[in-house]
Amino acid sequence: MNHNRTSILQTKIPQLIRQFYDRVDQLVAPIAQMHAERMQCRKGCHECCQDELTVFEVEALNIRETYPCLLSETPPHQQGKCCFLDENGSCRIYESRPYVCRTQGLPLRWIDEIDEDQLAEFRDICPLNDSGQPVETLDPEDCWTLGPFEQELASMQVSLNGFPLRRVPLRSLFQQQ
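1. Side note on the state of the cysteines
Argument step 1. Inspection of the entire model under this criterion finds zero disulfides.
Argument step 2. With no disulfide of its own, C41 has C45 as its nearest cysteine by sulfur position, at a separation of 5.4 Å.
Argument step 3. Residue class for C41 comes out partly exposed when judged on its relative accessible area of 31%.
Argument step 4. C82 supplies the cysteine sulfur nearest to C49, a cysteine that is in no disulfide, at a spacing of 5.9 Å.

Given below as structure tokens:
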């Protein structure tokens with residue numbers, strides 16, 4: 001890919017990511033509302049905010065472009081929890097938090113290939129939100145389905161540089177400044 005096209009795409013990434021996040025947030029909202037009684041996720045809850053989370057390069061680029069001072073002038077949160085947590089357990093990049101963070105806590109479902117002939121559906125939910133109807137018995141539309149939006153991020157990634165998909169550890173963003 002030529003350098004000029006890559007530069008143009010990089011300048012558009014924050015706008016494309018913002019549109020992507022807005023769409024995800026709109027689709028997540030009714031699912032979160034449906035499960036409001038079971039959801040324990042609140043400001044300062046950071047049980048899901050673990051180290052070793054990775055994001056697509058397009059999301060990493062968005063964080064670098066949006067929070068350069070945070071990355072260069074403040075230390076990451078201590079090892080073991082997400083590097084973007086503050087001392088109170090709140091997210092320092094909440095408005096631009098990655099896709100994975102926008103869906104955490106919800107009942108999640110995904111399809112995985114067990115072998116070459118067989119697919120299986122899997123489900124999970126944060127243990128803090130596990131009260132109420134068992135996640136395995138929910139209607140599929142009452143869960144956030146993993147896959148389609150990850151594929152959209154993957155497509156954005158490929159359009160950015162045309163290289164194989166690579167995920168970036170969030171903690172490494174502090175080290176790259």
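2. Focus: the environment of P98
Argument step 1. Relative to the helices and strands, P98 resides in the loop between helix 3 (68-73) and helix 4 (99-103).
Argument step 2. Owing to a relative accessible area of 1%, P98 belongs among the buried residues under this scheme.
Argument step 3. Residues P98 and T137, 39 residues apart in the sequence, show an inter-C-alpha distance of 28 Å.
Argument step 4. Excluding residues that lie within four positions of it along the chain, P98 makes contacts with Y21, V55, E59, I63, I93 and L170.

3. What about the packing of aromatic side chains?
Argument step 1. This structure, assessed with the given rule, holds eight aromatic pairs.
Argument step 2. Pairing W144 with F149 gives two aromatic rings, centres 5.3 Å apart and planes at 35 degrees, and the pair type is tilted. Neither W144 nor F149 differs from the other in exposure class; each is buried.
Argument step 3. Members of the aromatic cluster, connected to one another through ring pairs, are F20, Y21, Y99, W144 and F149.
Argument step 4. Between the NZ or CZ atom of R97 and the centre of the ring of Y94, over which it lies, the distance is 3.8 Å.
Argument step 5. The cationic tip of R167 hangs over the ring face of F56; the distance from NZ or CZ to the ring centre is 4.7 Å.

4. Points about a negative patch on the surface
Argument step 1. Taken together, the side chains of D112, E113, D115, E116 and D117 make up a negatively charged region of the molecular surface.
Argument step 2. With respect to the helices and strands, D117 occurs in the loop between strand 2 (108-115) and strand 3 (118-124).
Argument step 3. Relative accessible area serves as the criterion here: at 71%, D117 is assigned to the exposed category.

5. Notes on the pairing of strand 3
Moving residue by residue along a regular strand, the side chains alternate between the two faces of the sheet.
Argument step 1. In the sheet, strand 2 pairs with strand 3 via seven bridges, with the strands oriented antiparallel. When the sheet's bridge partners are listed, I111 is paired in strand 3 with E121.
Argument step 2. Between strand 2 and strand 3, which pair antiparallel in sequence order, lie two residues.

The rules behind each value
Residues numbered from 1 in each chain as written. Predicted model: local features only at pLDDT ≥ 70, side-chain atom pairs only at ≥ 80, totals over all residues. Heavy atoms only, no water. Disulfide = S-S within 2.5 Å. Buried < 20%, exposed > 50% of the residue type's maximum accessible area, 1.4 Å probe, protein only. Helix = DSSP H or I, 4+ residues; strand = E, 2+ residues; numbered from the N terminus. Contact = heavy atoms within 4.5 Å. Phe/Tyr/Trp six-rings, centres within 6.5 Å; stacked < 30°, edge-to-face > 60°. Lys NZ or Arg CZ within 6 Å of the ring centre and 35° of its normal. Patch = residues over 30% accessible without salt bridge, like charges linked within 9 Å, V, L, I, M, F, W, Y side chains within 5 Å. Areas by Shrake-Rupley, 256 points an atom, 1.4 Å probe, with all protein chains shown as cover. Salt bridge = Lys/Arg side-chain N within 4 Å of Asp/Glu carboxyl O. Lys, Arg positive; Asp, Glu negative; His and termini not counted. Charge placed at Lys NZ, Arg CZ, Asp CG, Glu CD. Pairing = 2+ DSSP bridges.

Honestly, it's all geometry; don't read function into it.
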